[in-house]
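# Residue-level structural notes
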Amino acid sequence: MKLISCHIDNFGLFSNFDFNFDENICNINRENGWGKTTLATFVKVMFYGMSAKGRNKEYVALRSKYKSWNSDGLFGGSLEFETKKSRYRVIRNFGAQPDKDMFKLYDLNTNLESNEYSQNLGYELFGVGEETFEMTTFFPQSALISSVTDDIRANLSGIKTNNDDVDKFTKANNSISKKMRELKSNISHDNDMSMLLYKVEEDKENSNFIKQKIASYEKKLIEIEKNKENSEKNLKKVQQNYDYYKNCLENIETNEDKISNLADSIDKLKQEKNSILEDYLNREKLEKFEEIKDKLFNKKRMSNGANLKNILMYLFMAIVIVSMASVIAVLVGFNAITLTVLCLSLLSFIPFIIILIKYIKAKKFVLDDESNEFFGKLKFNYDKVNEALKVYRERLVKFESIEEEMMTKNKELCDVQEKVSLLFKEIKNNFNMPFEVLENEKIEAEEQFNICDREVAILNNEIKNLNYNKERLEASIKENLSIIENKREDTDEVGDKVKILQTTISYLEQAKNNLSVKFLNPISRNFKKYFDLIDNNKNKLDFDVDLNIKLDINSTFKEVEYMSAGYQDLIYFCKRLALIDLVFKREKPFIIFDDSFVNLDDDKIEKVNKLLNELSKDYQILNFTCSKFRTID
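Residues numbered from 1 in each chain as written. Predicted model: local features only at pLDDT ≥ 70, side-chain atom pairs only at ≥ 80, totals over all residues. Heavy atoms only, no water.

### A closer look at the sheet that holds strand β13 (residues 621-625)
Spatially, the 4 strands line up as an open sheet ordered β3-β13-β12-β8, and their pairing is parallel. The open sheet is flanked by β3 (25-29) and β8 (138-139), the only strands paired with a single partner. When strand β12 (residues 591-594) meets β13, the two strands line up parallel, connected through 4 bridges. In the strand pairing of β13, F593 is matched with N623. (Pairing = 2+ DSSP bridges. Helix = DSSP H or I, 4+ residues; strand = E, 2+ residues; numbered from the N terminus.)

### Section: the pairing of β13
Counting buried positions over the 5 residues of β13 gives 5, a clear majority of the element. With burial as the criterion, each face of β13 is covered, one bearing I621, N623 and T625 and the other bearing L622 and F624. Note that β3 and β13 share 5 bridges and pair parallel. Note on β13: the bridge partner recorded for N27 is N623. On the question of chirality, the crossover connecting β12 to the parallel β13 by way of helix α15 (residues 602-615) is right-handed. (Buried < 20%, exposed > 50% of the residue type's maximum accessible area, 1.4 Å probe, protein only. Right-handed = clockwise from strand over helix to strand, strands pointing away.)

### Quick word on the confidence of the model for the protein chain
With 66% of its residues at a pLDDT of 70 or more, the protein chain shows a mean pLDDT of 75. The low-confidence segment residues 56-60, where pLDDT is below 50, has 4 contacts with residues more than four positions distant or belonging to other chains. Per-residue pLDDT stays below 50 along residues 161-167; that stretch engages in 7 contacts with residues further than four places along the chain or on separate chains. (pLDDT = per-residue confidence, 0-100. Contact = heavy atoms within 4.5 Å.)

### As for the sheet that holds strand β2 (residues 14-20)
In spatial order, the strands read β2-β1-β4-β5-β6-β7; together these 6 strands make up an open sheet with antiparallel pairing. Since the sheet does not close on itself, it has two edges, and those belong to β2 and β7 (112-113), each with one partner. In terms of strand pairing, strand β1 (residues 2-11) meets strand β4 (residues 75-82) through 7 bridges, oriented antiparallel. Looking at the pairing, H7 lines up with S78 of β4. Strands β1, β2, β4 and β5 (87-94) of the sheet are contacted by helix α1 (residues 36-48), whose axis makes an angle of about 105 degrees with β1. (Axes fitted to C-alpha atoms, helices over the stretch in contact; angles between N-to-C directions.)

What follows is the structure, given as structure tokens:
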């Protein structure tokens, strides 16, 4: 078949791009980054479509890689080609998922849509799948190695009838291998006694190691707990000293405040006492005045007492006379005489009343005159002097109270000062160090205790975890011993099944190899035909049944990987050409070279050119290169 032209709507970096293919040899010599690999991939997907994802982890999804750089919609285009039957145009557009893909095929002789081929166009034209097509006709740069697939093996053996039969051997082999792996997995999981016994012994050894470690940790824990106990005792002692020292300092501070307050109070009392002493002279005058006044009042009191006796005598005599008159009147009876006597007796009260009134008046006047005379001599007002005397007495009481309070406060001051002195002496005798030093000792003691406490917690946690692991290992030992005891018979049965499957695979492999022997000679002949045209070294190369090429050196087979990269490329190049001749029986394909000769020297490139010119008589060749020296002349 021949490729004629293509039109790319959107595919990778190409948009609205047209290209015409030369009939026999089409050299596409473009710079790096032009899109040579993209164009080669476009040609391939026009025949085989595009899978959802790449087949390798290293290969990104084709749809993500080649979706349009300029559009988020469908991407694809059309390709015109010619076969033995007719000339066609295939149109494919691709979406983000396979269900969005579109395929159409037109017969260009009639310009009508054709049902000659379906969207499996590549397989229906060439009779091979996409993987076989890539491993034979598609020569990528520095990746010419190809392996034999069931598709290739079936084509080479001539037993291929339909697409469903291609991978029956692989499916059967994979199915048996999967079942055998499952059985082996079951054996290794449940019934492999040696593994279980090894696991039991290993668990026992680990359990003993953990027991030793626990014993070591418990011994260490005893030491640390003892250190913690000593640290705690030391901390308590330091804490007590610290609290006692601190309490003493606080008492000293409190008492010093008391001393200051007492001193202030005593100073105030002294000032008040001094103010009272300033009135000392006035106090002497007042005292003298009080003495004179007392003498005067005593004199008047005596005089008044004599006058009062006279008054009382007159009163007594008047009462006697009246009483006697009343008795006579009662005895004799009331008549004119008795009434006259009674009235006369009542008149005896008149002199008493007159004398009493005169006494009272005379006393008042005499007291006022004498007082005024006394106060005039002293030049004092009587009321003012009384007031001054009252104030003096009050201040005298206050003075005595102040002296008493001063004595109390002085005593209290002496007591407090003595207490402070004792506290300082006590601190010096008990500690003989600044408070900051003791405070640092307390901090260090707390840190030491906390370190021991943390170490105890860590060791307890470690011992707890070790005990948990020990219990887990002991449970595992018990479980595995139970499995070994209960599953011995099943092991023999599963082992027999595995042997049967291994024998089956062996027979399948033997059948496959017997089948492969049939095409070893044809492919070896084709390979030798191409290889001898290029290489003059006459190295002996042989194929195995998997189409792997080996170098025969002194009856010893060596892999071709031992050879240079250029020589390896040459070998795989000839192997692919040999496969193309034998695999493609329906329609001869086009061959794509994507800078496939970068490792060849000038002599080999010249010989490859001659070979490809000869090969172009039967196959259309597309040669993508970035160097004019690797174009096919």
